[in-house]
Structure formats: C-alpha cells, structure tokens
Amino acid sequence: MPVSDLDTELSTERTHLTESRAALRRMRGRAEALFSTGDKVAGDAYTAEQLGRHMARRVKELADDPDTPLFFGRLDIEENAYHVGRRHVTDDAGEPMVLDWRAPLSRSFYRASVRDPQGVSTRRRFGFVKGELTSFEDEHLDRGEELGTSSRILTAEIERPRVGPMRDIVATIQPEQDELVRAELSDSICVQGAPGTGKTAVGLHRAAFLLYLHRERLRRSGVLIVGPNTAFLSYISAVLPTLGEVEVQQSTLDELIGRAPVKAVDPPPAAAVKHDVRMAEVLRKVLWSRLAKPSEPIMVPDGSYRWRIDLEPLRRTVDEARREGLPYSVGRERVRARVVGLLQRQSEYRSGNSPSESWLRKMSKIGPVTGFLDACWPAVTPESLVAELLTDPSVAGDLLTEQEQEAIRWVKPPKAVKSAKWTAADLVLLDEAAGLLERENSFGHVVVDEAQDLSPMQARAIARRSEHGSITLLGDLAQGTAPWAATDWREILGHLGKPDAPVVPLTVGFRVPEAVVALANRLLPALGVNVPEAVSLRRDGDLAVIPVAEPADLDARTLAEVTAALAHEGSVAVIAADAAVDRLRGHLTAAGIEHATPDDVESEARVMVVPATLVKGLEYDHVIVHEPADIVAAELRGLNRLYVVLTRAVTRLSVLHARPLPEPIKID
Ligand SMILES: Nc1ncnc2c1ncn2[C@@H]1O[C@H](COP(=O)(O)OP(=O)(O)OP(=O)(O)O)[C@@H](O)[C@H]1O
C-alpha cells in the first residue's frame, strides 16, 4: 500500500475507533438510565432486584478503559468489514460497530488460514500504544498471505515488558488455543502444557467464552476458577473483569473447602495418608457402619391414642432408604418422613381425616421417632465423623495398614469435637465427609489451574462440585511439587469423575526465552514424567549463570543484580528458598529498594522477593534465582520446584550460586 493510502486507511480506522467509543458511552448511558429507573418499572421487589443486578452488571460490562483497545482486529468478508473487539458495540440504530471476540463470526479472526479462509479475504490486526491506534498489519488470505507466529503485532505483544497483574490475550489467541477456548460447554478437557504455553490464559478465556454463549444457564449454576494460592489469584483476578465478566468465583481449593480454620500442621506421613484415595472408602465405611437394625417397635402417644409401628415395617423402611443410595443425612430424613407417614396412615384410618401440618411436624420431632432414628440412623456431622476416625483409626480396619493408622492417630484427642485443631489435610477429609452426608451444589463449569498438584482427595472435592458440569483442567506434570503430585493425567481425571476427557498438549511457549527454556529443559529427564518439551516463540532474552566464590557474598551479589535489573523496564523478582526470603527482604529494605510481596497487586514497586513455593503460575521480566541448590534441598520434589522457578522469566534470567549447581543444570 502506498504511504498516502496507508495514512488515509489509518485515519479511517481511528475515526471508527472514536465513533465506537462514543457509541459505547451512549450504550452505557442508556444502561445507567435504565438502572436508575429499574425499580420504578419493575412490578415487584424480586423483579426489581433481579433487574437491578442485571443492569448493574451491564453497566460494569460497558465500562470503557481508555488504555485497552476497544477493537484489535478486522475481518473483510465479501463486501463487509467487521471489527473484532472485547465486546459488542452497536450504533444507535442497533447496527454492529464492533463484534464481541466470542461471537460466532469472530471465530474466523482466530482460525481462518490460507488453507481454510472461511470466507475471509483480509485479516487485519491493529497495533496500539496506550489505547492509541498506531498501526495495522494485513494478511490477504485470498492472495495466499499468512503471517502465523511471525506477526509483528503478536511478537510485540509477547515481548512487551510485564508489570502488574495478568492481562487478557484476546487480540492474539493462537489457533490451537482458540480450539480449547471455544470447546463445547459439555466438553471436559485436560490441557497438558509446558510453562508459559498459555494454559492459564486459555482457562480464563474459556470461562469468558462459555459465559457469553450460555449466560443464563451458567449464571444460575455458576463458574468457578480454582488456583493454587492467593498470590496467583490476585495475579489473574483482573483478566475476567477486563473481558466484561464480573460474576465468576475465583478461589483456592483451601478456601473452597474451608469449613473450619486450620490450626495445626500434619507431619508429612500423616498428610500423605489423609490425601490418599483410600480415605474416601474409610470414611464411607465408618459412616455407614453407624446404621443399626431396628430392635424394638415404636410406640407414640397422641392424645388419648397410642400408635404403634412394628419391627418389620421399621426394618423395611431403613433397608429401602439404604438401598436408594442417598447421602447419609438425606437418608435419615427420608426414614423420618416415612415413619411419620406410617403414623399418619394410622391416624387417618382411625379418624377418617388427614392430620394437620402442625400434627405432622409434631410427630416428626416426637421423642419415640427421634429416639428410633438416633438408634438406627444416628445424626452425624462431618466433624464428628472425622474426629471418630482420628481418635481411633483402627475403625478403618484393613483399609489402612497399622502404620498408616498410627500416622493419623490424634496424639491427644480434643475434649470435644468443637475444640479440635484441624490441619489442612483434615479439611479435605471434612469435605469428603460432608459430601457423604449431603449433596454438594454443582457448578456449571470449573476451571482448575495447576491441577498436577491435586491429591486424589482434593480432586474428589472438585468432582463433587462439578458433578453436573464440565471441567477445564490445566497443568503440567513436570511442575508437580506436592508430595502426591500426579505423574499421569488419567489418574486425576478418574478422581475428578471425568475419566474420558481428552488430554490436549500445548507446546508453544509465549513467556520464556529460548535460551532459558533450553536450561530448564535439561531438568526434564530427571523429573520422571513423560511430557513434551516447550518450544519457545521467543528468540530474544538473556541468561546469565553467575558463580559466587564466597557464600558470604551471595546476598550482596543478589542485591547488585537487582540494582542492575532496575536499569531495564519491567518487573524484577528474586526467587529464593523460603527460608532465605525474610533475610533478602531485609537486605532490600536496608538498601532503600522499594519491594512488594507477590499478592500485593496494588503496589507500584517493581521488585519482589518471592518464596520458591509461591511462584507457580507467576511471571516477571527479570528473574534472579538465589542459590538453586537450596531450593532443591528444601523439599522432596525440589528438582520439580527448580523447573518451576527457572521458567518464570519473560526477558532475563540470572542464576546466582555459591554452592554447586544441581547436577542436571551443571555447566561444564
Ligand atoms: N496467544 C498469546 N498471545 C500473547 N500472549 C500470550 C498468548 N498465550 C499466552 N500468552 C502469554 O504468555 C504468558 C504465559 O501464559 P500463561 O501464564 O497462561 O501460561 P501457563 O501455561 O499457564 O504457564 P505456567 O505453566 O507457568 O503456569 C502470559 O504472559 C500470557 O499472557
């Protein structure tokens, strides 16, 4: 295109952007007006509240962030040009000015190719600087032009320095990612992806896509995102709201199942037993062994009458309810209702009238009925069940070895269940117990990130919450650091109740530069998992492995590296074994270098010291790794942890060591 035509074209696009922004403002204005008059037009309080919620969400959705481009692409199909952006924008006549990236037509923006142009003659990508449209890049698919990953705009997006929380990738979703994002709501998928291949991004965009397509259904059932820790959740928390989705629950697993505060810590052997899938069977067995055969008839006084229910119908009632396979507490109430039904029948027979509601209520709580239930189908709480097991683990019988039983036995049982000091693993058991007693509400869709670290019992907690919905499972077996981390996705998928979900690999890395990937990949053979290596899209980036002769100098060298890194743009993270973190933070403070903690997304500080155990899923422009040997030595799966640590860098990685480097990454 000649330069003058280019200028005209650019200015036409800028005009379209300005007009689209104005149209969005008008849409928001109309939504606000409706919001403020909503309660006047709604017929009743309930409708007013529903309408209010809907309109409040709509107003939030239509917020315009001047730094985020309203559209990022254009498709020319036949004679029409369609701009593709973060949300629908229509003019006053209702004609589209920008198509939501999730609309069916927008799919071609991500998937059309020379081989399969899908009717697209030209695909245009726009370049922006701080919300200003500054350039565009065309692919004339009808003339056989296709840029793929060599797109300048894609490269710029991938290489941009990272500061603050994670951003959306709608402008540059790649075809293999798009296939996952747009999979059917009913499809459960497991994504095995090397570090930085966009798993988290895919999961979040899939949630946004499903909400767009199945809004009403998913609003009722809910969408849940499960992440490994609060630092990670803070990091990703802005992505869905930027995509207009403000009603998604984002939670760690511990928060999700946290029915009691954690007040104690398990020794590793106890935690290992408690996370083992056999515990599900143990709890089930202990719970149902509480049922007892009815041994006496029930006699119920009722005014001048006495009703009697014989042993035989009582036994039948208990057996039938047991066979129905209901959760335990539901079964207990079912038996109660049936016993009251038997009393009702006798009363009706005698009086010829149906008894009143209050009579039925009285009978259901009357001493002999409750006494019968307490004897044959006693009330149980999750806490009482788990406490029974931990007080005397021999109730597990041969489901656990004697050694395992001893490992979980309470050294000093609490005086009352209420004062029990639960551990994190106990919460998983309490949740399992709660699931045996009552049915858990199922979300419509659950996205689980860093899923390789789920224990079988944790996977079951998620299975209960997605029984009637689908799952997007994201993870990397090579990054498994929990003692029970999986080495095979099929195993976790089985525990999640989705044994047939396909396992789809992602291998193109968007974060870590090639040289850094090459170093990290040297660890892979030592990790004992069979996963494809990452291939980096990034040819740029620096790697420096810096030996420090005197261990006493290591901290000072680290500080010097931080100062040097601050000369560049972007975020700087010192990643160290957890035990060294406070000391390193102290050095930074003493040196007057402003620094933050990883969950403080509000902070303007560019530097953080991050404990190795908290860095999963996060990324920084410049990563300074402090003493890899200490990181490896700190835990059982130390090499896996080091693999996670080495794959956090976007632009530069410096590895400082005074001790010898761990064998797989030793440099001759
Ligand atoms: N298609 C894309 N276009 C631009 N950037 C992308 C794309 N896909 C991923 N990225 C970027 O690459 C980085 C890594 O993505 P993400 O965190 O989703 O990877 P991950 O596979 O979850 O990594 P990890 O295994 O380390 O948790 C992020 O900055 C993300 O925005």
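Going by what an unreviewed UniProt entry lists, the protein chain is known as DNA helicase IV and is assigned to Actinoplanes regularis.

Enquirer: Which residues make up the overall build of the protein chain, and what values do they have?
Expert: Across its full length, the protein chain carries 26 helices and 22 strands. If one aligns the C-alpha atoms of the protein chain with their principal axes, the spans along those axes are about 105 × 75 × 50 Å. By residue count, 41% of the 668 residues in the protein chain fall in the buried class. Contacts in the protein chain between residues far apart in sequence, at least 24 positions, make up 75% of those at least 6 positions apart.

Enquirer: An account of the site of the ligand is requested, with residue identities and associated values reported.
Expert: With respect to spatial proximity, 22 residues lie near the ligand, and among them Thr 172, Gly 198, Lys 199, Thr 200 and Phe 510 are the closest. Sorting the residues of the shell around the ligand by element identifies helix 4 (152–159) and helix 6 (199–213) as the ones contributing at least two each. Residue contributions to the shell around the ligand peak at three residues, all from helix 6. Looking at the shell around the ligand, its residues break down into six nonpolar, eleven polar and five charged.

Enquirer: Provide a residue-level description of the packing of helix 19 (residues 424–437) against helix 20 (residues 456–464), including the pertinent values.
Expert: Contact pair helix 19 / helix 20: the axes reach a minimum separation of 10 Å and the direction vectors enclose 40 degrees. Taken together, the axes of helix 19 and helix 20 are oblique relative to one another. Taken as a pair, helix 19 and helix 20 cross one another with a handedness that is left-handed. Residues Val 428, Asp 431, Glu 432 and Gly 435 of helix 19 lie in contact with helix 20, whose contacting residues are Met 457, Gln 458, Arg 460, Ala 461 and Arg 464.

Enquirer: If you had to explain the UniProt feature "binding site: ATP" (unreviewed entry) in the protein chain to someone new, which residues and values would you point to?
Expert: Within this numbering scheme, the UniProt entry marks Gly 193, Ala 194, Pro 195, Gly 196, Thr 197, Gly 198, Lys 199 and Thr 200 as carrying the feature "binding site: ATP" (unreviewed entry). When you line up the elements, Ala 194 lands in the loop between strand 7 (189–193) and helix 6. Apart from residues lying up to four places away in sequence, Ala 194 is in contact with Asp 476, Thr 507, Gly 509, Val 531, Pro 532, Glu 533 and Ala 534. Mapped onto the elements of the fold, Thr 200 is located in helix 6.

Enquirer: Quick one: what's the story with the UniProt feature "domain: UvrD-like helicase ATP-binding" (unreviewed entry) in the protein chain, residue by residue and with numbers?
Expert: Using the residue numbers shown here, the UniProt feature "domain: UvrD-like helicase ATP-binding" (unreviewed entry) corresponds to residues 172–513. Structurally, residues 172–513 is divided into 48% helix and 12% strand, and its ends, taken at the C-alpha atoms, are 18 Å apart.

Enquirer: So, the sheet that holds strand 14 (residues 503–506): which residues are in play, and what are the values?
Expert: Taken in spatial order, the six strands make up an open sheet running 9-8-12-13-7-14, and their pairing is parallel. If you trace the sheet from one side to the other, it starts and ends with strand 9 (249–252) and strand 14, each paired once. Within the sheet, the average angular offset between the axes of one strand and its neighbour, ignoring direction, is 20 degrees. In this structure, strand 12 (residues 445–448) lies alongside strand 13 (residues 470–475), joined through four bridges in parallel fashion.

Enquirer: Lay out the pairing of strand 11 (residues 305–309) with the relevant residues and their values.
Expert: Where strand 10 (residues 298–302) meets strand 11, five bridges bridge the pair, whose relative direction is antiparallel. Across the sheet, residue Pro 301 finds its bridge partner in strand 11, namely Arg 306. Here strand 10 folds back onto strand 11 in antiparallel fashion, the turn holding two residues, of which Gly 303 has a positive phi close to 60 degrees.

Enquirer: Mind laying out the environment of Ser 536, listing which residues take part and the relevant values?
Expert: Locating Ser 536 in the fold gives a position in strand 16 (residues 535–536). The exposure class of Ser 536 is buried, given the 25 C-beta atoms found within 10 Å. Beyond its immediate chain neighbours, meaning those up to four positions away, Ser 536 contacts Gly 509, Val 512, Pro 513, Glu 514 and Val 517.

Enquirer: Could you give an account of the nonpolar core, naming the residues involved and the relevant values?
Expert: Ala 207, Val 448, Ile 575, Ala 576 and Val 645 are the most contacted members of the largest nonpolar core, which has 148 residues in total. In terms of residues, this core owes the most to one element, helix 6, which gives eight residues. Each of domain 1 (3–160) and domain 3 (514–665) contributes no fewer than three residues to this core. If sequence neighbours within four positions are ignored, Val 645 has contacts with Ile 575, Ala 612, Val 615, Val 625 and Ile 631.

Enquirer: Go over the packing of helix 13 (residues 311–323) against helix 14 (residues 328–351), please, and point to the residues and values.
Expert: Where helix 13 meets helix 14, the closest approach of the two axes is 9 Å, and the angle between their N-to-C directions is 145 degrees. Pair helix 13 / helix 14 crosses with right-handed handedness. From helix 13, Pro 313, Thr 317, Val 318, Ala 321 and Arg 322 reach across to helix 14, where they touch Gly 331, Arg 334, Val 335, Arg 338, Val 339 and Leu 342. Per-class residue counts for the contact of helix 13 with helix 14 are six nonpolar, two polar and three charged.

Enquirer: Describe the sheet that holds strand 21 (residues 620–626), and please don't skip the residues or the numbers.
Expert: As summarised here, the arrangement of the six strands in space is 17-22-21-18-20-19, forming an open sheet in which the pairing is parallel. Strands at the two margins of the open sheet, each flanked by one partner only, are strand 17 (542–547) and strand 19 (595–596). Bridge count between strand 18 (residues 572–576) and strand 21: five bridges; the pairing is parallel. Bridge pairing in strand 21 links Ala 576 to His 626.

Enquirer: Go over helix 13, please, and point to the residues and values.
Expert: Over its 13 residues, helix 13 runs 18 Å from end to end, which matches the ideal 18 Å to within 8%, given 1.5 Å per residue. Listed as buried for helix 13 are Leu 314, Thr 317, Val 318 and Ala 321. An end-on view of helix 13 places all buried positions within 90 degrees of arc, on one side of the element. Pointing more than 90 degrees away from the buried face of helix 13 are the exposed residues Glu 312, Arg 316 and Arg 323. If you follow the buried residues of helix 13, they end up packed against strand 10, strand 11, helix 14 and helix 16 (367–376). The first or second residue beyond helix 13 is Gly 325, which carries a positive phi of 70 degrees.

Enquirer: Before we move on, could you go through helix 14 and cite the residues and values that matter?
Expert: The end-to-end C-alpha distance of helix 14 is 35 Å, a good match for the 34 Å that 24 residues give at a rise of 1.5 Å each. Listing the buried residues of helix 14 in full gives Tyr 328, Gly 331, Arg 332, Val 335, Arg 336, Val 339, Val 340 and Leu 343. Positioned one or two residues after helix 14, Gly 352 has a phi angle of 80 degrees, which is positive.

Here is what the cut-offs are and how they apply
Residues numbered from 1 in each chain as written. Predicted model: local features only at pLDDT ≥ 70, side-chain atom pairs only at ≥ 80, totals over all residues. Helix = DSSP H or I, 4+ residues; strand = E, 2+ residues; numbered from the N terminus. Buried ≥ 20, exposed ≤ 12 C-beta atoms within 10 Å, placed from the backbone. Contact = placed C-beta atoms within 7 Å. Near = placed C-beta within 6 Å. Nonpolar A, V, L, I, M, F, W, Y, C, P; charged D, E, K, R; others polar. Axes fitted to C-alpha atoms, helices over the stretch in contact; angles between N-to-C directions. Parallel < 35°, antiparallel > 145°, perpendicular 65-115°, else oblique. Left-handed = near helix turned anticlockwise from the far one by under 90°. UniProt positions renumbered as here; feature names shortened; annotations may be inferred. Pairing = 2+ DSSP bridges. Core = buried A, V, L, I, M, F, W, Y, C linked by C-beta atoms within 7 Å. Domains from an automatic or database assignment. Expected span 1.5 Å × (residues − 1). Arc of directions from axis to C-beta.

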